[in-house]
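For reference, the chains in residue letters:
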Amino acid sequence: MATEHKISNRLQRLIRNKNDDDPLALTINLKPRLAQEQLVEAKQRISSLAAGHSSAEFISISGTIHCLVPAARIKELEALQTVESIDVESEASQEELLD
């Protein structure tokens, strides 16, 4: 069975150029329709991976968690069953906001 890749290509390229301890700003998309206890567990686990760098901010309307995680811990995020995808945190450009 093929391995499911949850880490975006952009993030994979960025990880190659970082030290293991370098924190990366991430957007973590959770799988849709998770039970409340699964959400709580996912938030706690992701917060523990981000420990010392930031608290994990959960945005319920989009089902995303935003946080800083050391580069070396991203593979642990990918292994979580509740995570659908992981990408680099990015802000919308002015052009995107005006469209």
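Residues numbered from 1 in each chain as written. Predicted model: local features only at pLDDT ≥ 70, side-chain atom pairs only at ≥ 80, totals over all residues. Heavy atoms only, no water.

**Digging into the sheet that holds strand 4 (residues 83-88)**
Moving on, step 1. Pairing is antiparallel in the open sheet, where four strands are placed in the order 2-3-1-4. The two strands at the open ends of the sheet, each matched to only one other strand, are strand 2 (57-59) and strand 4. In this sheet, neighbouring strand axes are inclined to one another by 30° on average, regardless of whether the strands run parallel or antiparallel.
Moving on, step 2. Taken strand by strand, helix 1 (residues 9-16) contacts strand 1 (23-30) and strand 4, and its axis lies near 55° from that of strand 4. (Pairing = 2+ DSSP bridges. Helix = DSSP H or I, 4+ residues; strand = E, 2+ residues; numbered from the N terminus. Axes fitted to C-alpha atoms, helices over the stretch in contact; angles between N-to-C directions. Contact = heavy atoms within 4.5 Å.)

**Describing the environment of Gln-44**
Moving on, step 1. Turning to its location among the elements, Gln-44 is positioned in helix 2 (residues 36-49).
Moving on, step 2. Residue class for Gln-44 comes out exposed when judged on its relative accessible area of 55%.
Moving on, step 3. Taking C-alpha positions, Gln-44 is 8.5 Å from Ala-56, a pair spaced 12 residues apart along the chain. (Buried < 20%, exposed > 50% of the residue type's maximum accessible area, 1.4 Å probe, protein only.)

**Quick word on the side chain of Ser-8**
Moving on, step 1. Mapping Ser-8 onto the fold places it in the segment before helix 1.
Moving on, step 2. A polar contact of 3.1 Å, which involves the side chain of Ser-8, links it to the backbone nitrogen of Leu-11.
Moving on, step 3. When neighbours within four sequence positions are excluded, Ser-8 is seen to be in contact with Ile-86, Asp-87 and Val-88. (Polar contact = N/O pair within 3.5 Å; in protein donor to acceptor, adjacent residues only side chain to side chain.)

**Quick word on helix 2**
Each α-helix turn comprises 3.6 residues. Residues three or four places apart therefore point the same way.
Moving on, step 1. End to end, helix 2 covers 20 Å across 14 residues, agreeing with the expected 20 Å (1.5 Å per residue, within 8%).
Moving on, step 2. Considered for burial, the residues of helix 2 that qualify are Leu-39, Ala-42, Ile-46 and Leu-49. The buried residues of helix 2 all sit within an arc of 95° when viewed along its axis, so they share a single face. Seen from the open side of helix 2, the exposed residues pointing more than 90 degrees away from its buried face are Gln-36, Glu-37, Glu-41 and Gln-44.
Moving on, step 3. Each element contacted by the buried residues of helix 2 is listed here: strand 1, strand 2, strand 3 (64-70), helix 3 (74-79) and strand 4. (Expected span 1.5 Å × (residues − 1). Arc of directions from axis to C-beta.)

**With respect to the pattern of salt bridges**
Moving on, step 1. Counted by the stated rule, this structure contains four salt bridges.
Moving on, step 2. Between Arg-45 and Glu-76 there is a salt bridge, with the nearest N and O atoms lying 3.2 Å from each other. Here Glu-76 lies in helix 3 and Arg-45 lies in helix 2, a separation of 31 residues in the sequence.
Moving on, step 3. A relative accessible area of 30% places Glu-76 in the partly exposed class.
Moving on, step 4. Here Glu-76 ties to Arg-73 by a salt bridge, and the two come within 2.8 Å at their closest N and O atoms.
Moving on, step 5. Through salt bridges with shared partners, one network takes in Arg-45, Arg-73 and Glu-76. (Salt bridge = Lys/Arg side-chain N within 4 Å of Asp/Glu carboxyl O.)

**Let's talk about unusual backbone geometry**
Moving on, step 1. With a phi close to 60°, Arg-33 is a non-glycine residue in the positive phi region.
Moving on, step 2. Here Arg-33 shows up in the loop between strand 1 and helix 2.

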